[in-house]
Amino acid sequence: MKTRIFVTLKNGVLDPQGKAIHHAIEGLGFSGVHDVRAGRLIEIEHEPGVSKADLETMCTKLLANMVIENFEIEQA
Amino acid sequence: MRAAVIQFPGSNCDRDMAVAIRDITGAETTLVWHRASELPDGLDLIAIPGGFSYGDYLRSGAMAARSPVMQAVIKAAERGIPVLGVCNGFQILTEAGLLPGALMRNAGIRFVCRTVGLTVENNRSVFTSGYSTDELVQIPVAHHDGNYFADSDTLDRLEVEGRVAFRYAENVNGSARNIAGVLNAGGNVLGMMPHPERMTEAVHGGSDGRRLFEGLVRQIA
C-alpha cells in the first residue's frame, strides 16, 4: 500500500525557494504566474495495517516541522 | 571541567569545537558519536557542532535531532547542563525542541560565508558573560539555512524574557528581528548560527569568539 504525504510551508511563512523558482519561471518568458511555493512529496510504501494515526505521528514527529510546515496525507 | 562534543555523520566543525573548548577552558573534552545512548558522566558542557549532519536530509538538523545521543542530550539539558549548539548545532537544537523556532533557507537563497557583526543582547547567561551588553563583536557565519523563524508571540516572549543572546548588526540571512542566537527558558541552552570556535586566536583574524569560552569556564569552574 502506498501513501503520499505532502509537506508544505504554512501560510505566512516566507518561501525563498518558491520566490526564486517564480523568478526563474518569469525568466523563461511565462507571464501570469502570481506566486510559487515549494514543498516536499514523501511516498511511503507500507502494510495496510499501518494506521492513519501512525502516519500522522510520523508527520508530526519527523516528516514535517510543525513550527513552519503543514502536511496532508493522501491514501490511494 | 568536562566537556563533550557530539559527532554526527556529516559534522565538520567537531574538531575545531573540541580544540577551542580544550585550549581555552582546559576542559577534558571527549568526542561522542551519534549512536551513543549515554553521555560520559560528570559533564559540565555539551557542544553540538556545525556541519551537515546526515547530509541535511529532510531538513537541516532533522535526522540528527532524532538520533540516540540527542535523547541523552535532551535529558542532560533538562538537568541544567549547559548545551551550546553552533550552526548545524543550532538547527539540531530547534529540531529537537530544546529551542523555539526554526532555521529556514537564507532569504537571499545563497550560502553566506563571511565574518559578520553581532551585538550581544544579553550577557547574563553562562555563555555570554565574557561580553558586555550591547557590545559589537565580529564572528564568522557559514550557512545556507540560518534564517531564524518563529511566530510573533514567540519572538515577543524571547525578547521580553531576555532570551535573544546575539543579534546580527546587519541583515545577513533574513532572520526574524535579526536574531543570531537564542537561549532556552532555563538559560542553559544556547543556539547560534555564527561560529565562535572559528574566531579564537589572532591567526583567525580576530578572537571575539574566545570570550564566549572564557566566560563559560568562569561560570562553570
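For the structure, see preceding data.
Here goes a summary of the coordinates provided. (Residues numbered from 1 in each chain as written. Chains lettered and ligands numbered in written order. Predicted model: local features only at pLDDT ≥ 70, side-chain atom pairs only at ≥ 80, totals over all residues.)

## Describing the sheet that holds strand E3 (residues 69–75) of chain A
Residues and elements named next belong to chain A. Taken together, three strands build an open sheet; the order of strands is E2-E1-E3 and the sheet is antiparallel. Where the open sheet ends on each side, the last strands, each with one partner, are strand E2 (40–45) and E3. Between one strand axis and the next, the sheet turns by 20° as a mean value, whatever way the strands run. Relative to E3, strand E1 (residues 2–9) runs antiparallel, the two sharing seven bridges. Residue pairing in the sheet places Phe6 in a bridge with Glu72 of E3. Lying on the sheet, helix H2 (residues 52–63) is in contact with E1, E2 and E3; it crosses E3 at an angle near 150°. (Pairing = 2+ DSSP bridges. Helix = DSSP H or I, 4+ residues; strand = E, 2+ residues; numbered from the N terminus. Axes fitted to C-alpha atoms, helices over the stretch in contact; angles between N-to-C directions. Contact = placed C-beta atoms within 7 Å.)

## Focus: the packing of helix H1 (residues 14–25) of chain B against helix H6 (residues 210–220) of chain B
All names here are of chain B. In contact at an axis separation of 9 Å, H1 and H6 are set at 55° when each is read in the N-to-C sense. As the angle between them shows, H1 and H6 are arranged oblique. Here the hand of the crossing between H1 and H6 comes out right-handed. For the pair formed by H1 and H6, the contact residues are Ala20, Ile21, Ile24 and Thr25 on the first element and Arg210, Phe213, Glu214, Leu216 and Val217 on the second. (Parallel < 35°, antiparallel > 145°, perpendicular 65-115°, else oblique. Left-handed = near helix turned anticlockwise from the far one by under 90°.)

## Brief notes about the interface of chain A and chain B
Listed as interface residues are eight residues of chain A and, on the opposing side, twelve residues of chain B. Across the side of chain A that touches chain B, the residue classes tally to six nonpolar, two polar and no charged. (Nonpolar A, V, L, I, M, F, W, Y, C, P; charged D, E, K, R; others polar.)

## Comments concerning the environment of Met193(B)
Residues and elements named next belong to chain B. Mapped onto the elements of the fold, Met193 is located in the loop between strand E11 (189–192) and H6. The spatial distance from the C-alpha of Met193 to the C-alpha of Asp14 is 15 Å, given a sequence separation of 179 residues. With near-sequence residues (within four places) excluded, Met193 lies in contact with Cys87, Phe90, Val141, His143, Gly146 and Ala180.

## Examining the pairing of strand E9 (residues 164–168) of chain B
Residue and element names in this part refer to chain B. For E9, a buried count of four out of five residues is recorded, marking the element as mostly surrounded by other parts of the structure. Of the strand pairs in this sheet, strand E6 (residues 112–120) and E9 are connected by three bridges, and their pairing is antiparallel. For Leu118, the partnering residue across the bridge sits in E9 and is Tyr168. In the sheet, E9 pairs with strand E10 (residues 179–183) via three bridges, with the strands oriented antiparallel. (Buried ≥ 20, exposed ≤ 12 C-beta atoms within 10 Å, placed from the backbone.)

## Notes on the nonpolar core
Ranked by internal contacts, the top residues of the largest apolar core, which has 71 residues, are Ile6(B), Ile21(B), Leu45(B) and Ala47(B). Among all residues touching Ala47(B), those that are not within four sequence positions of it are Ala3(B), Val5(B), Met17(B), Ile21(B) and Leu84(B). (Core = buried A, V, L, I, M, F, W, Y, C linked by C-beta atoms within 7 Å.)

## Some details on unusual backbone geometry
All names here are of chain B. Phi is positive for Ile109, close to 70°, though the residue is something other than glycine. You will see that Asn178, though not glycine, has its phi angle at about 55°, which is positive. Mapped onto the elements of the fold, Asn178 is located in the loop between E9 and E10. A tally of 18 C-beta atoms within 10 Å means that Asn178 is categorised as partly exposed.

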